[in-house]
Amino acid sequence: MSEDDRVLRDQIALVTHAAGFAARVHAGQTRKGESGAAYILHLAEVADLLAKALEEPDAELVAAAWLHDAVEKTKITSEEIESVFGPRVASLVAEVSDDKSLPEAERHHMQIEMIGEKSEAARLLRLADKISGLRELAEDPPAGWDMARRRDWLQFATDVVDRCRGLNTALDLLADQAAAAACRSIDELAPPSA
Ligand code: ZN
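Residues numbered from 1 in each chain as written. Predicted model: local features only at pLDDT ≥ 70, side-chain atom pairs only at ≥ 80, totals over all residues.

Undergrad: Can you help me understand the overall build of the chain in this one?
TA: Across its full length, the chain carries 10 helices and 0 strands. Element order for the chain, N to C, with α for helix and β for strand: α-α-α-α-α-α-α-α-α-α. Computed over the C-alpha atoms, the radius of gyration of the chain is 17 Å, within 12% of the 16 Å expected from 2.2 N^0.38 for a compact globule of 194 residues. A total of 194 residues make up the chain; the buried ones form 33% of that total. Contacts spanning at least 24 positions in sequence make up 68% of the contacts within the chain whose residues lie at least 6 apart. (Helix = DSSP H or I, 4+ residues; strand = E, 2+ residues; numbered from the N terminus. Rg over C-alpha atoms; globule rule 2.2 N^0.38 Å. Buried ≥ 20, exposed ≤ 12 C-beta atoms within 10 Å, placed from the backbone. Contact = placed C-beta atoms within 7 Å.)

Okay, here's the thing in structure tokens:
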């Protein structure tokens, strides 16, 4: 086997391992949307967006996409991610993990404030995460969210998207399309004006 083939095999194995790991630690979790879709579908969507859009292939970033919510939403620690997937994957996951001890409004504020200081790869990961969230808001919104709550989340997501813009044309375009669809779906909730 050539050295290039060996590297490629290891990269495929890293991403596959991350997908299986994510499926295990997020087992039983569902997305916020009314349909109750499995949480792993969000992780698969974010990994897929990056795998297809990256101009320079980056297996560690795609692996981090599978794992990006593991520290925030499961008992897995950053140290465990590092011991299994290495320091760069762990640091990418850490860069996009919010501080769970803060209330939601404060977490959103911090996400907007801090995103400019993150690595390029972390901003691409965050952008793909928001594309997935905006699509869910348009296509399968949480049952209990009224128009105001949906508008608040759309504003938060577009504030983050705007700070991640300019790194990848394809993802910028998909984010704009997802935000426009989310906006339309909210407008449709408005009672027709007389
Ligand atoms: Zn996410």
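Having seen the structure, we can now continue with the description.
Undergrad: Quick question: what am I supposed to make of the packing of helix 8 (residues 120-139) against helix 10 (residues 169-187) here?
TA: Put simply, helix 8 and helix 10 touch, their axes get as near as 8 Å, and they point 25° apart. Accordingly, the angle class assigned to the pair helix 8 and helix 10 is roughly parallel. When the axes of helix 8 and helix 10 are compared, the crossing they make is left-handed. Listed contacts from helix 10 to Leu124, Leu127, Ala128, Lys130, Ile131, Leu134, Arg135, Leu137 and Ala138 of helix 8 are Leu171, Leu174, Ala175, Ala178, Ala179, Ala181, Ala182 and Ser185. Looking at the contact of helix 8 with helix 10 residue by residue, the class counts come to 14 nonpolar, 1 polar and 2 charged. (Axes fitted to C-alpha atoms, helices over the stretch in contact; angles between N-to-C directions. Parallel < 35°, antiparallel > 145°, perpendicular 65-115°, else oblique. Left-handed = near helix turned anticlockwise from the far one by under 90°. Nonpolar A, V, L, I, M, F, W, Y, C, P; charged D, E, K, R; others polar.)

Undergrad: Could you clarify how one ought to interpret the nonpolar core in this entry?
TA: The nonpolar side chains of a soluble globular protein tend to be buried, and buried together. Of all hydrophobic cores here, the largest spans 48 residues; its most connected members are Leu50, Ala65, Leu67, Val93, Leu125 and Ala128. Once residues within four sequence positions are removed from consideration, Ala128 is found in contact with Val46, Leu49, Leu50, Ala65 and Leu171. (Core = buried A, V, L, I, M, F, W, Y, C linked by C-beta atoms within 7 Å.)

Undergrad: Would you take a moment to explain the packing of helix 1 (residues 3-25) against helix 3 (residues 59-67) for this structure?
TA: In the contact formed by helix 1 and helix 3, the axes pass within 8 Å of each other and the chain directions differ by 5°. In this view, helix 1 runs roughly parallel relative to helix 3, as classed from their interaxial angle. In this structure, helix 1 uses Gln11, Leu14, Val15, Ala18, Ala19, Phe21 and Ala22 to contact helix 3, whose residues at the interface are Ala59, Glu60, Val62, Ala63, Trp66 and Leu67. For the contact of helix 1 with helix 3, the class distribution of residues is 11 nonpolar, 1 polar and 1 charged.

Undergrad: Mind showing me how you'd approach helix 8 here?
TA: Note on helix geometry: an α-helix contains 3.6 residues per turn, so any two residues three or four positions apart are oriented the same way. With 20 residues, helix 8 extends 29 Å between its outermost C-alpha atoms, agreeing within 8% with the 28 Å of an ideal straight helix rising 1.5 Å per residue. In terms of burial, helix 8 is a largely internal element, 18 of the 20 residues being buried. (Expected span 1.5 Å × (residues − 1).)

Undergrad: Quick question: what am I supposed to make of the environment of His17 here?
TA: Looking at the element boundaries, His17 is found in helix 1. Sequence separation between His17 and Ala70 is 53 residues, and the spatial gap between their C-alpha atoms is 14 Å.

Undergrad: Sorry, what's going on with the environment of Leu167 here?
TA: Within the secondary structure, Leu167 is located in the loop between helix 9 (147-164) and helix 10. Leu167 sits in the partly exposed class, given 13 other C-beta atoms within 10 Å. In this structure the C-alpha to C-alpha distance between Leu167 and Glu120, which are 47 residues apart in sequence, comes to 7.5 Å. With residues near it in sequence (within four places) discarded, Leu167 still touches Glu120, Arg123 and Leu124.

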